[in-house]
Amino acid sequence: MRSNRSLFMALLAAIVLILAGLLAPAWLQFLVTMSAANGLAVLGIVVLMRGGGATFGQGMFFALGAYAAALVPTWFGIQDAVLRIVIGTLVAGLIGALFAPLLVRYRGIFFAMLTLALSMVLFGLLSKSSLLGGSDGISIAKPTVLGMSLQSGNAEYVLYCLTVVVSVVAGWLVSVYWNSAAGLMALAVRGNPLRVEYLGASARRSLGTSFVICALLGGTSGAITAQALGHVEPNFSNWTTSGELVFVAVLAGYRRVPAVFAASLLLEIVRSFSNLYFPNTWQLALGVFMLLVIMFRPEGLGSLWPVAARRQVDPGTAVPSPTEGQP
Amino acid sequence: MDAVAYASWLFIVSLGMTLVFGVLKILNMAHGSIYAIGAYAAATAVALAVSLGLPPAFSLVAMLLSAVAVAVTVGPLLERGLLARYYGRDEVVLLLVTYALFLMLEDVTKLVWGVNPYYVSEPAQLFGNVLFAGMRIGGYDLFLVGLAAVCGLITWYVLNRTTSGKIVLAVIHNPEMSASMGVNIQRVYVVAFTVGVFLAALGGAFTAPMISVQPGLSVSVIIISFAVVIIGGLGSIQGAAVGALVVGAARSLAVHLMPEIELFSIYLVMAAVLIFRPEGLFQSVKARLI
Amino acid sequence: MNSFKLMGKTRGRLASMLAAASVLTLAGAAQAEETFKLGVVTFLSGPAAESFGVPAANAAKLMVEQFNKGSAPAPYNKAGFGGMKIEMILVDENGGGAKQVQELRNLYQRENVDAVIGYVGSGDCLAVAPVADELKKFLVLFDCGSPRIFEEASPKYVFRTASHAAMDNVSLVRYLKSHNVKVNTMNLINQDYAWGLDSRGDFLAGMANAYPQAKMGADLLPKFGAGQYGTEVSVLGGKQADITYSSLWGGDLQGFLLQGAARGLFKDTTLVLSAADHVLPGLLDKMPDGSIIGARGAYGILSAKSPINDWFQASYQSMHKALPVQAGYRMTQAFMGVKMAVESAMAKNGGRKPTPEQIAEAMRNSTFDTPGGQIRMALGDGHQAIQGTAIGKTKYDAASKRVLAVDVQTFGAECVNPPANMKSMDWIKAGFPGAKCN
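These numbers come from a predicted model, not from an experiment. (Residues numbered from 1 in each chain as written. Chains lettered and ligands numbered in written order. Predicted model: local features only at pLDDT ≥ 70, side-chain atom pairs only at ≥ 80, totals over all residues.)

A count of helices and strands for chain B gives 12 helices and four strands. If you take every contact in chain B between residues at least 6 apart in sequence, the share linking residues at least 24 apart comes to 76%. (Helix = DSSP H or I, 4+ residues; strand = E, 2+ residues; numbered from the N terminus. Contact = placed C-beta atoms within 7 Å.)

The next point concerns the overall build of chain A. A tally of regular secondary structure across chain A gives 13 helices and four strands. Taken across its 327 residues, chain A has 60% of its residues classed as buried. Here the contacts in chain A between residues at least 6 apart in sequence split such that 83% fall between residues at least 24 apart. (Buried ≥ 20, exposed ≤ 12 C-beta atoms within 10 Å, placed from the backbone.)

This part covers the packing of helix α2 (residues 31-51) of chain B against helix α9 (residues 185-207) of chain B. Residues and elements named next belong to chain B. Where α2 contacts α9, the axes come no closer than 7 Å and their chain directions differ by 50°. On the basis of the axis angle, α2 is oblique to α9. Between α2 and α9 lies a crossing of right-handed hand. Only Val197, Ala200, Ala201, Leu202, Gly203, Gly204, Ala205 and Thr207 of α9 make contact with α2, whose side of the interface consists of His31, Ile34, Tyr35, Ala36, Ile37, Gly38, Ala39, Ala41 and Ala42. Considering only residue class, the contact of α2 with α9 consists of 12 nonpolar, five polar and no charged. (Axes fitted to C-alpha atoms, helices over the stretch in contact; angles between N-to-C directions. Parallel < 35°, antiparallel > 145°, perpendicular 65-115°, else oblique. Left-handed = near helix turned anticlockwise from the far one by under 90°. Nonpolar A, V, L, I, M, F, W, Y, C, P; charged D, E, K, R; others polar.)

Residues and elements named next belong to chain C. For strand β6 (residues 185-189), the buried fraction is high: four of the five residues fall into the buried class. Here β6 pairs with strand β7 (residues 215-220) via four bridges, running parallel. The partner of Leu188 across the bridge, within β7, is Asp219. Taken together, β6, helix α7 (residues 194-210) and β7 constitute a β-α-β crossover, and its handedness is right-handed. Sheet topology note: the β6/strand β8 (residues 243-246) ladder contains four bridges and is parallel. Pairing of Met186 across the sheet is with Ile243, part of β8. (Pairing = 2+ DSSP bridges. Right-handed = clockwise from strand over helix to strand, strands pointing away.)

With that out of the way, let us pick up the confidence of the model for chain B. Residues and elements named next belong to chain B. Averaged over every residue, the pLDDT of chain B is 78; the share at 70 or more is 86%. Mean pLDDT per element in chain B: strand β2 (residues 129-132) is the minimum at 55, and α9 is the maximum at 87. Per-residue pLDDT stays below 50 along residues 284-290; that stretch engages in four contacts with residues further than four places along the chain or on separate chains. Overall fold confidence for the complex sits at a pTM of 0.83, while the interface term, ipTM, reaches 0.80. (pLDDT = per-residue confidence, 0-100.)

This part is about the pairing of strand β12 (residues 373-379) of chain C. Residue and element names in this part refer to chain C. Taking burial as the measure, the seven residues of β12 include five buried ones, the bulk of the element. The antiparallel pairing of strand β11 (residues 367-370) with β12 creates a hairpin that spans two residues between the two strands. Pairing between β12 and strand β13 (residues 384-386): three bridges, direction antiparallel. If you follow Met377 over to β13, its bridge partner there is Ala385. In this antiparallel pair of consecutive strands, β12 and β13, the connection spans four residues, and Gly380 shows a positive phi of 55°.

For soluble globular proteins, nonpolar side chains are generally found buried alongside one another. Counting 370 residues, the largest nonpolar core has A:Ala117, B:Ala201, B:Ala227, B:Val247 and B:Met270 as its most contacted members. The biggest single contributor to this core is helix α2 (residues 26-50) of chain A, with 18 residues. Summarising the domain contributions, this core has at least three residues from each of domain 1 (34-163 + 305-386) and domain 2 (166-303 + 388-429) of chain C. Filtering out sequence-adjacent residues up to four positions away, B:Ala227 remains in contact with B:Val247, B:Ile266, B:Tyr267 and B:Met270. (Core = buried A, V, L, I, M, F, W, Y, C linked by C-beta atoms within 7 Å. Domains from an automatic or database assignment.)

Moving on to the packing of helix α10 (residues 239-252) of chain A against helix α12 (residues 282-296) of chain A. All names here are of chain A. Contact geometry of α10 with α12 gives a least axis separation of 9 Å together with a crossing angle of 40°. In this view, α10 runs oblique relative to α12, as classed from their interaxial angle. Relative to α12, the crossing made by α10 is left-handed. Two secondary-structure elements touch here, α10 through Phe247, Val250 and Leu251 and α12 through Leu286, Met290, Val293 and Ile294. The class makeup of the residues in the contact of α10 with α12 is seven nonpolar, no polar and no charged.

Turning our eyes to something else, we now look at the sheet that holds strand β14 (residues 389-397) of chain C. Residue and element names in this part refer to chain C. The seven strands lie next to each other as β7-β6-β8-β9-β10-β14-β15, forming an open sheet whose pairing is mixed. Each end of this open sheet is capped by a strand with a single partner; those strands are β7 and β15 (402-411). Here the average twist between neighbouring strands, direction ignored, is 25°.

Helix length check: helix α11 (residues 237-257) of chain B, at 21 residues, gives a terminal C-alpha distance of 30 Å against a target of 30 Å (1.5 Å per residue), a fit within 8%. Among the 21 residues that make up α11(B), 15 are buried, leaving the element largely enclosed by the rest of the structure. (Expected span 1.5 Å × (residues − 1).)

What follows concerns the environment of C:Ile243. Residue and element names in this part refer to chain C. With respect to the element layout, Ile243 can be found in strand β8. Note on Ile243: 24 C-beta atoms within 10 Å, which makes it buried. Sequence-wise, Ile243 and Val173 are 70 residues apart; in three dimensions their C-alpha atoms are separated by 12 Å. Leaving out residues up to four positions away in the same chain, Ile243 has contacts with Val183, Met186, Thr269, Thr270 and Val272.

Time to look at unusual backbone geometry. All names here are of chain C. With omega at 0°, the peptide bond leading from Ala74 into Pro75 counts as cis. With respect to the helices, strands and loops of the structure, Pro75 is situated in the loop between α2 (49-69) and β2 (85-92). The phi angle at Lys321 is positive, at roughly 55°, despite the residue not being glycine. Note on Lys321: 7 C-beta atoms within 10 Å, which makes it exposed. Unusually for a residue other than glycine, Asp381 sits at a positive phi of about 60°.

One turn of the α-helix equals 3.6 residues, which is why residues spaced by three or four share an orientation. Residues and elements named next belong to chain C. For helix α4 (residues 122-135), with 14 residues, the first-to-last C-alpha span of 21 Å sits near the 20 Å given by 1.5 Å per residue. At Val128, α4 shows its largest bend, some 25°, and a proline, Pro130, comes one to four positions later. Of all 14 residues in α4, 11 are buried; the element is thus mostly enclosed. Within the span of α4, buried status applies to Ser122, Gly123, Asp124, Cys125, Leu126, Ala127, Val128, Ala129, Val131, Ala132 and Leu135. Lys136, located one to two residues past α4, shows a positive phi value of around 55°. (Bend = angle between axes of the 7 residues up to and from the residue.)

What follows deals with the confidence of the model for chain A. For chain A, mean pLDDT is 81; residues scoring 70 or higher make up 88% of the total. Here residues 323-327 of chain A is modelled with pLDDT under 50, and outside its nearest four sequence neighbours on either side it reaches 16 contacts, counting other chains as well.

Mapped onto the elements of the fold, C:Gly39 is located in strand β1 (residues 35-42). Once residues within four sequence positions are removed from consideration, C:Gly39 is found in contact with C:Ile89, C:Val91, C:Leu107, C:Glu111, C:Val113, C:Val116 and C:Gly118.

Attention shifts here to the environment of C:Arg200. Residues and elements named next belong to chain C. Among the secondary structure elements, Arg200 is positioned in helix α7. For the pair Arg200 and Glu361, spaced 161 residues apart in sequence, the C-alpha separation works out to 34 Å. In this structure, Arg200 is in contact with Leu188, Asn190 and Ser247, ignoring residues within four places of it in sequence.

And the structure:
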């Protein structure tokens, strides 16, 4: 019943956005495309956060998806955009599944630091590998979409529609997951993994699932971005890229899927105008905004991480308790 | 030999971060930004000293004073004014708060000092060169090694031999117990954070003569301090020293033998440590408090 | 639980943005005929700003002012571009290739610029060139050096109004040979990206012909923007060589020189630097005397006297209180080339504002005079320029508190640039066949 309703809303959203796109100028279509693509990566982070892990390494899967989409044209001659996206997603998901058993042994800061370290290792590998373009990255030829080749007039719109469709499908699937048994258990794992274990479920398995979903979405995001931009570079795997995605995730909170895309759009608008109009103050504004969100938007962030009952201390006395980061 | 020089630099820079984590349980992502502020402040201080006609040796004092100035102004302000409001939250939340702080300080630095690089070469010239085992070593590098040793020794001495130091150790082990024993936790936090800021600013100040001080300093420093601190164990002074040596050695080896892996050799080591011994090399396994 | 409660909000936001965007685009279109909107992209922050980006931006501002007033010397004395007032939008090149792709798209599609002049970083050039072609908009690369742009692709709308890096290294090799510099051993240090790698490759290939017995000692490739070279200085100190070649530039070069000099690295080796003129004003007496340097063209202290050069140096000095360095010269070249192309296209199409295709057609194979010498768009099917250059040795003059160039040797364009039908690497490896030197 619920998933029927959300399916209907998803279809409606897709149709409205596609029609609205016809009215928008090319630069706006491109902006929305980029923000939706980023939104997918953020969605992955949000899924993971909701499942109990905080990642500063989403850039790794973003880069994996992007590079996969960039290399298959030259290595395998794959020109179709949809195919490239699928491949990018699968590659990222595969690597995510490979690392998941390792990562789920950790929590909190160590989980975050390990994802960060892994993404920086990939960054180093990509920067030094001349086969993969080195620090300059690779440029990609424009794809064909379902057989149609893209001309300069409609390229942005076609990519926009493709991105809208992929984003809506992904968003709907994620909301289905969130309402499913597995998704609800992920919430429980976030709250108190020990209790979940005692009740007989596997907290690690749930975290692993969340992590792999995060990786898949990161890969999709990277593949779409690669084709919209026409260029991939090692910086995609840098922790600063992951940091920006985390910022949007914090802004969006974990309760609503559309909030993720709205927050991503907001950041993209700010960023798009920032270089021209306020290059030296936009990060300041973002930082302040993030602090305010963390402080005042409990729905978005206040209950995002496990705060065990005895740790809820009156802020006036301000005595943090020793943390348990490890299982 | 340059592994040791590089390691000394790493140690000074990472000591503050590990101290702040040990006491406040905050992994400070803005540590690199404070390092950058320290470097800029030192550049300004040295330029001021030169323009006032003071002798070149005074530039070292100027740098030290600038680090103190940064610590005294920035430390309590950040700790009381900002971080204290988020105590009681999960450590990851605090990590995000420090990330927001990092974003803010990036732009503040740009607004205050502009986007052009600063060069502070006078102090480096002071020390000349030393011939050692057939290689010319910069005297300034030796000075840094000495400085790192001094910082480490002072920190160790204060923590282990003075009363206030032992109180800090107590707070590191168990803040609640210490509070119930009558320790003024808030004061310990402010002081510890300020010392952490001082060490970061000191690191920045004394690195300034070796590089061009420009935006983007903080990004590269944060990540490498993380590596050092994680490898050595969060909150452990000896760990920071050993971690610094390990990272310094890894990087030097890489540049000399296999330059291609230089960039990520450090992160490989960090990942390996996280995988095999997440507490770091020097952290004793803590009893789990349910 | 209604998962899509925020749909309404998003739609509202989208609608108001569309409204704003349409108003802006219409307003922009109305002014198009009287002005020529020019996007200029260069480093305004970061390690390349002080040495390249800012001098280039300064030169751009100077050109816009002088051109709009019509006070440049002939043949550039028409006001603006063919009577159209030049309106410049300055964009920071900092942030990496992917970001620059987005900024370029914004410039063409949102700000509706008629042309873009830009890009110091070779990586950025490689990333943005395909975008301009895809959007069918006119782009002039004014500074980046990698030869790959026109040797590995044939963009229709992209031009480069300065020689590429092959010239810098070929002229260095020729200078070493003609001055009989002893090279039994050589060390190399270059940045690990397109520019550094291509320069290193070109230099080594040239040396293989000129000094076949020279042995390579250290071959270092630090990251672009590294800034700290302690380990590299140690490695180089341990393997002293006759010459130390580097294509480092900007903040990196300055840092390397300062750190190396502090450790006495340059006492027993001759520095051979392909693009070093811009760090000289900042280093002054800290620059080792006798270093062999190029400026990627006959620029600044290596430039030849000419009326247009005198005018440029004088007006730049009076506007910015400093002497122009290579980036400033190359920006000027780009502006002059675009001005000639636009005016020539307008002469053909009856005085209307030319389309990107018309400007491109006019610029192809064109020739024009600049403060750095004559520029001929002779390579890359008429898209890539060649020019002459000069190499000299540094000498600090305490009296005037400036670094001067002594022992300057100039090279004609055809002496140090490959011919139109050969790739630069092939030409260098073959020993510069067909080169015309005086």
